[in-house]
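So you can see what is in the structure, the chains are spelled out below.
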Amino acid sequence: MSSRIDAHIARLKARNYAWPIPWEAVEALGRNEGCVLVAYQCQAGVWSAMWGETTGIRQGQTFTADEADQTFYDEVCTFTAGVKSMLTMPADKNQLGAMVRFSYNIGLRQDKPRKRGFYWSSVRKLHNEGNFVGAARAFGLQNQFVNPLTGILEVSEGLTTRRMDEAAMYLKPVDGAPDLPMPQEVAPESSMATSHINRGGAVTAGTGAIAAASAMADELKGASDVAAKFHEVSQQ
């Protein structure tokens, strides 16, 4: 499987498209979505094909590699423009790349029957408030799906890993930006009853931390000063 996606990524890179986000973000998105040239049903039961395309995909459809790559490029451009139009706070290239990856998975905006997508996300809200640490943590709030067989909301290990990777990219300093000084003395371990981890709803499972949806707003706002400092330093 690894060699197959590597071949798809190499072919995509060789297209030399004028990507609107860093290639690192494009490659990560491509590896998240995979490239399948025959329509298939994803874990949530949605018909998908090519590089995670869902719009207009029907059972039995097949596609060429050329069609898949061109569609992917067009969609990345569309999602990038969509994310930018929803931001009131500037984003550096890594923040933008992470938010495009995120929106490609959850959609840009849907108002009915439920409000969902990037526009309604805590990631966008907190980013626009300048709370970048809070925004990074908020990626993990969207790691669940409704199992089509049971109708039950479940945490996805794949989505959890993806959200953590997107958050890491979001916080990654741009090339040439100075690193924030690292504290050399760390406070003693907090109890789980009072810790940010527990109140934030992050639990350990499998290969990493699963950020579960919970009431995080007050805690996230408490990180605003740190986030503002991060942005200030990264822009110097």
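A quick note: this is a predicted structure, and the numbers were derived from the prediction, not measured.

Student: Which parts of the structure should I look at to understand the packing of aromatic side chains?
Tutor: Any pair of aromatic rings gets described here by the distance separating the centres and the angle formed by the planes. By the definition in use, this model includes 13 aromatic pairs. Members of the aromatic cluster, each reached through a chain of ring pairs, are Tyr17, Trp19, Trp23, Trp51, Phe72, Tyr73, Phe79 and Tyr104. The cationic tip of Arg109 hangs over the ring face of Tyr119; the distance from NZ or CZ to the ring centre is 3.8 Å. In this arrangement the basic side chain of Arg124 is found over the ring face of Tyr119, its NZ or CZ atom lying 4.2 Å from the centre.

Student: Would you take a moment to explain the confidence of the model for the protein chain for this structure?
Tutor: Do not read the fine detail of predicted coordinates wherever pLDDT is low. Chain-level pLDDT for the protein chain is 83 on average; 78% of the residues reach the 70-or-more range. The model gives residues 195–236 a pLDDT under 50, and that stretch makes 71 contacts with residues more than four places away or in other chains.

Student: Whenever I open this one, the nonpolar core confuses me. Can you help?
Tutor: Among soluble globular proteins, nonpolar side chains are generally buried collectively. Counting residues in hydrophobic clusters, the biggest one holds 43 residues, and the most contacted among them are Trp19, Trp51, Phe72, Met99, Phe118, Phe139 and Tyr170. With seven residues, the top contributor of residues to this core is helix α4 (residues 93–106). What Phe72 contacts, discounting residues up to four positions off in sequence, is Leu12, Trp19, Val26, Leu29, Gly30, Trp51 and Tyr104.

Student: Could you clarify how one ought to interpret the packing of α4 against helix α7 (residues 157–171) in this entry?
Tutor: Angle between the axes and distance between the axes: these two values describe a pair of packed helices. Across the interface, α4 lies against α7 with an axial gap of 7 Å and an inter-helix angle of 155°. Accordingly, the angle class assigned to the pair α4 and α7 is roughly antiparallel. Between α4 and α7, the contacting residues are Asn94, Gln95, Gly97, Ala98, Met99, Arg101, Phe102, Asn105 and Ile106 on the first element and Leu159, Arg162, Arg163, Asp165, Glu166, Met169 and Tyr170 on the second.

Student: Just to check I follow, could you spell out the pattern of salt bridges for this structure?
Tutor: When their charged atoms lie close together, side chains carrying opposite charge are able to pair. Evaluated as defined, the whole model comprises 13 salt bridges. The shortest N-O distance in the salt bridge between Arg31 and Asp6 comes to 2.8 Å. With Arg31 in helix α2 (residues 23–33) and Asp6 in helix α1 (residues 2–14), this pair connects stretches of sequence that are 25 residues apart. With relative accessibility at 34%, the residue Asp6 sits in the partly exposed group. Notably, a salt bridge pairs Glu166 with Arg162, separated by 3.1 Å at the nearest N-O pair. Residue Glu166 and its partner Arg162 are located together in helix α7, separated by four residues, close to a single helical turn. In terms of burial, Glu166 and Arg162 fall into one category: buried. A single network of salt bridges, built from pairs that share partners, joins Arg11, Arg15, Asp66 and Asp69.

Student: Explain the pairing of strand β1 (residues 36–41) to me, please; I cannot follow it from the model alone.
Tutor: Direction of pairing for β1 relative to strand β2 (residues 47–50): antiparallel, over a ladder of three bridges. Bridge pairing in β2 places Val36 opposite Met50. Once β1 ends, the chain turns through five residues before running back antiparallel as β2, passing Gly45 with a positive phi of about 85°.

Student: Got a minute to help me understand α7 in this structure?
Tutor: Spacing of three or four residues puts side chains on the same side of an α-helix, whose turn is 3.6 residues. Between its first and last C-alpha atoms α7 spans 21 Å; for 15 residues at 1.5 Å apiece the expected length is 21 Å, and the two agree. Within α7, burial applies to Leu159, Thr160, Arg162, Arg163, Glu166, Ala167, Met169 and Tyr170. For α7, the N-terminal cap is Ser156; the gap from its side-chain oxygen to the backbone nitrogen of Gly158 is 3.3 Å.

Student: Even after reading the chapter, I still don't get the packing of α2 against α7, so can you show me in this structure?
Tutor: For the pair α2 and α7, the least separation of the axes is 12 Å and the interaxial angle reads 175°. Overall, the two elements α2 and α7 adopt an arrangement that is roughly antiparallel. Here Glu24, Ala25, Ala28, Leu29, Asn32 and Glu33 of α2 come into contact with α7, specifically with Arg162, Asp165 and Met169. Classifying every residue of the contact of α2 with α7 gives four nonpolar, one polar and four charged.

Student: Would you mind showing me how to read the side chain of Ser156 here?
Tutor: Counting through the fold element by element, Ser156 comes out in the loop between β4 (153–155) and α7. Here the side chain of Ser156 touches Gly158 through a polar contact of 3.3 Å, landing on its backbone nitrogen. At 3.0 Å, the side chain of Ser156 forms a polar contact with the backbone nitrogen of Leu159. Discounting residues that sit within four places of it in the chain, Ser156 has contacts with Gln43, Asn143 and Phe145.

Student: Looking at this structure, how should I read α2?
Tutor: Where α2 is concerned, the buried positions are Ala25, Val26, Ala28, Leu29, Gly30 and Glu33. For α2, the elements touching its buried residues are α1, β1, α3 (65–85), α4 and α7. The first or second residue beyond α2 is Gly34, which carries a positive phi of 75°.

The rules we used
Residues numbered from 1 in each chain as written. Predicted model: local features only at pLDDT ≥ 70, side-chain atom pairs only at ≥ 80, totals over all residues. Heavy atoms only, no water. Phe/Tyr/Trp six-rings, centres within 6.5 Å; stacked < 30°, edge-to-face > 60°. Lys NZ or Arg CZ within 6 Å of the ring centre and 35° of its normal. pLDDT = per-residue confidence, 0-100. Contact = heavy atoms within 4.5 Å. Core = buried A, V, L, I, M, F, W, Y, C linked by side-chain atoms within 4.5 Å. Buried < 20%, exposed > 50% of the residue type's maximum accessible area, 1.4 Å probe, protein only. Helix = DSSP H or I, 4+ residues; strand = E, 2+ residues; numbered from the N terminus. Axes fitted to C-alpha atoms, helices over the stretch in contact; angles between N-to-C directions. Parallel < 35°, antiparallel > 145°, perpendicular 65-115°, else oblique. Salt bridge = Lys/Arg side-chain N within 4 Å of Asp/Glu carboxyl O. Pairing = 2+ DSSP bridges. Expected span 1.5 Å × (residues − 1). Polar contact = N/O pair within 3.5 Å; in protein donor to acceptor, adjacent residues only side chain to side chain. Nonpolar A, V, L, I, M, F, W, Y, C, P; charged D, E, K, R; others polar.

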